Amino acid sequence: MFATLLLVAANLLAAEPPVTALAFAPEGRSLLAASQNGVAVYSWPELKLLKRTKGPFSHLHDLAFAPDGTRLAIAGGEPLEGGGVEIVEWPGMKPVRQIEAGKDVVYSVAWSSDGRSLAMACADKTVRLHDLESGATKEMNDHSAAVLAVQFVLLAKDSATKELLLSAGRDQSIRVFDSTTARSIRALDNHTAAVNDFGLRPARKNELPVVASAGQDKTVRFWQPSIGRMVRFARVPAPPLCVRWLPSGDEVGVACTDGNVRIIDWQTLRVVFEKEVCEGWLSALAASPTGSHVVVGDERGELHAIRLDGIKRE
């Protein structure tokens, strides 16, 4: 009995922490993965571990490359103590700046289109907008629960508001702000449970921006945030924790709590590809630059590359 307990304890200690974020590097030849073990860099498509660096915080939750590809933002913090974002050089991973953010972890970070601002989704119910040049931070308190995701949305050149900032959280809402003034514009509240994540569709000329949101209510909803309209929504068998557009902009991939990856055609709402990856949760997802694969990370700390050669396109 004692030996069995020792074996169980050893297995628990050996278990890898969940993968919390995935991001392809700008050159497309490497993949970054975040966890409590730090930031790991893998070759693509071999997924051979090239490098691992200790994270700036005990808990890491998001990775985001600057628009010019020369900097990487690493979001996280110490639970119930403080959150922040560290900016490092890419590919050297040399720390450049660390930004403090509230009294709890930062779940998500996003760069503005010009690379001059960072938005942070914080567990302390706030959204923070940080100007990298002045060092000033604007704080938005519109959410009534932890904020889980942030996303900038660039608008048409003739728009009075050049860029929107979207935030989503456990209070079931998506909030839309003017990214320059931090003024609240509208709330999108069609979800009936927490909004876990969202992603911006690759830009299309002469088309309104579209954002996909992943809800704990087992839906993936598609929005035109510039006009405050929900376009349509798809139901899935289990809550999606992550959503990412494929490079074509025709489909989104979702990683779900039942261990399945699903690809959804956003026009027809059909699940055009589905694969069971593991028995536990899938906690992170990234689409390869060519759209040939999605990579998912699971709650056991493992990475899985899924080839998308079975998509049923009409």
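Note that the structure is predicted; figures quoted are calculated from it, not measured. (Residues numbered from 1 in each chain as written. Predicted model: local features only at pLDDT ≥ 70, side-chain atom pairs only at ≥ 80, totals over all residues. Heavy atoms only, no water.)

Asker: Can you walk me through the environment of Gly 115 in this structure?
Answerer: Looking at the secondary structure, you find Gly 115 in the loop between strand S9 (106-111) and strand S10 (117-122). Judged by relative accessible area, which is 7%, Gly 115 ranks as buried. A C-alpha to C-alpha distance of 27 Å links Gly 115 and Gln 36, two positions 79 residues apart in sequence. Filtering out sequence-adjacent residues up to four positions away, Gly 115 remains in contact with Pro 67, Arg 71 and Leu 132. (Helix = DSSP H or I, 4+ residues; strand = E, 2+ residues; numbered from the N terminus. Buried < 20%, exposed > 50% of the residue type's maximum accessible area, 1.4 Å probe, protein only. Contact = heavy atoms within 4.5 Å.)

Asker: Help me understand the pairing of S9 in this model?
Answerer: Along any regular strand the residues' side chains alternate between the sheet's two faces. For S9, the buried fraction is high: five of the six residues fall into the buried class. Bridge count for S9 against S10 is five bridges, and the pairing is antiparallel. Of the residues in S10, the one forming a bridge with Ala 110 is Ala 119. (Pairing = 2+ DSSP bridges.)

Asker: Whenever I open this one, the nonpolar core confuses me. Can you help?
Answerer: For soluble globular proteins, nonpolar side chains are generally found buried alongside one another. Ranked by internal contacts, the top residues of the largest apolar core, which has 18 residues, are Ile 263, Val 294 and Leu 308. Going through the elements one at a time, strand S21 (240-245), strand S23 (260-265), strand S24 (271-276), strand S25 (282-287) and strand S26 (293-298) are the ones with two or more residues in this core. For this core, the leading source of residues is S25, giving three residues. Once residues within four sequence positions are removed from consideration, Ile 263 is found in contact with Leu 246, Glu 251, Val 252, Gly 253, Arg 270, Val 271, Val 272, Phe 273, Val 294, Leu 308 and Ile 311. (Core = buried A, V, L, I, M, F, W, Y, C linked by side-chain atoms within 4.5 Å.)

Asker: It is not clear to me how the pairing of strand S3 (residues 38-43) should be interpreted in this structure. Could you clarify?
Answerer: Counting buried residues in S3 gives six out of six residues, a clear majority hidden from the surface. Pairing analysis gives six bridges linking strand S2 (residues 30-35) to S3, with the strands arranged antiparallel. The partner of Ser 35 across the bridge, within S3, is Gly 38. Taking the residues between adjacent antiparallel strands as the criterion, S2 and S3 are bridged by two residues. Looking at chain direction, S3 and strand S4 (residues 49-53) are connected through four bridges and run antiparallel. Bridged to Val 41 within S4 is Lys 51.

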